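Here's the letter readout for the chains.
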Amino acid sequence: MIRCLLMLIILSTGCSRPTKPLDPLAADTIMAPAYPRSTMGDAPTERVATELATLTKNRQTPAGEILFDRCDVLPPVRSILPYGAGQYEQQTRLPIILTTAPGWEKLDAVARQTELRALFVAISQSTQSLGSVSGPTLTVVNPRGWQVAWMNDAGTGRPLFVGDGDD
């Protein structure tokens, strides 16, 4: 019985065909970006994206330190937002990802929430001119890429922060 088992193992390992190795990409090959900016869609959306980048770069602490190093505005995307128990609604949202700067760390939890809600309201006002977008979805990440906050509605009384050292 053991001889048969060993014979089957030996035969099964010798029956496979050798695979052809894949050729690596040439060093001078230029790949398209994962999220090409050309998919932004239309000129008004691109104009709003530029305004939002400027708006967020100008945010500072009371001491004059900048709050956000980077603002990435992605092309509009359909999102499913939960409302109540089991009901869902699809909306086209403008995803915005903000990367925090050292000034963000100087604010306490209350100041961060106040700043983020005020920024969300200002961004929402900028996106109202876009007929194809229901509003923004704001995600705040730290320089390591960890999510700090996420919001798609400034009117909720719930805490905005997901781990950021403030419980």
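Look up a bit, the structure's there.
The following refers to the structure shown. (Residues numbered from 1 in each chain as written. Predicted model: local features only at pLDDT ≥ 70, side-chain atom pairs only at ≥ 80, totals over all residues. Heavy atoms only, no water.)

### Quick notes on the pattern of salt bridges
Then, number 1: Tallied over the entire structure, the rule returns 5 salt bridges.
Then, number 2: In this structure, the salt-bridge partner of R47 is E51, at a minimum N-O distance of 2.9 Å. Residue R47 and its partner E51 are located together in helix 2 (residues 43-57), separated by 4 residues, close to a single helical turn.
Then, number 3: Overall, the relative accessible area of 41% leaves R47 in the partly exposed class.
Then, number 4: Taking relative accessible area as the criterion, E51 reaches 36% and is therefore assigned partly exposed. (Salt bridge = Lys/Arg side-chain N within 4 Å of Asp/Glu carboxyl O. Helix = DSSP H or I, 4+ residues; strand = E, 2+ residues; numbered from the N terminus. Buried < 20%, exposed > 50% of the residue type's maximum accessible area, 1.4 Å probe, protein only.)

### Observations regarding the side chain of T99
Then, number 1: Inspection of the secondary structure puts T99 in strand 3 (residues 87-100).
Then, number 2: Every residue in contact with T99, bar those within four places of it in the chain, is listed here: L67, F68, D69, R70, V141, N142 and P143. (Contact = heavy atoms within 4.5 Å.)

### Quick notes on the side chain of T139
Then, number 1: Relative to the helices and strands, T139 resides in strand 4 (residues 135-141).
Then, number 2: Residue classification places T139 among the buried positions, given a relative accessible area of 17%.
Then, number 3: Once you skip the residues sitting within four places of it in the chain, T139 turns out to touch I96, I97, L98, Q147, A149 and W150.

### Description of the packing of helix 2 against helix 4 (residues 109-127)
Then, number 1: One way to put it is that helix 2 packs onto helix 4 with a least axis distance of 10 Å and a crossing angle of 160°. On the basis of the axis angle, helix 2 is roughly antiparallel to helix 4. Classified by chirality, the crossing of helix 4 by helix 2 is right-handed. Here V48, E51, L52, L55 and T56 of helix 2 lie close against helix 4, whose contacting residues are L119, A122, I123, S126 and T127.
Then, number 2: When its residues are assigned to classes, the contact of helix 2 with helix 4 shows 6 nonpolar, 3 polar and 1 charged. (Axes fitted to C-alpha atoms, helices over the stretch in contact; angles between N-to-C directions. Parallel < 35°, antiparallel > 145°, perpendicular 65-115°, else oblique. Left-handed = near helix turned anticlockwise from the far one by under 90°. Nonpolar A, V, L, I, M, F, W, Y, C, P; charged D, E, K, R; others polar.)

### Some words on the nonpolar core
Then, number 1: Formed by 23 residues in total, the largest nonpolar core has its most connected members in L52, F68, V73, I96, L98, L138 and V140.
Then, number 2: Within the residue set of this core, elements represented by two or more residues are helix 2, strand 1 (68-73), strand 3, helix 4, strand 4 and strand 5 (147-151).
Then, number 3: With 4 residues, helix 4 is the largest single contributor of residues to this core.
Then, number 4: With residues near it in sequence (within four places) discarded, L98 still touches T56, F68, R70, C71, L119, L138, T139, V140 and V141. (Core = buried A, V, L, I, M, F, W, Y, C linked by side-chain atoms within 4.5 Å.)

Just geometry here; none of it tells us what the structure is for.
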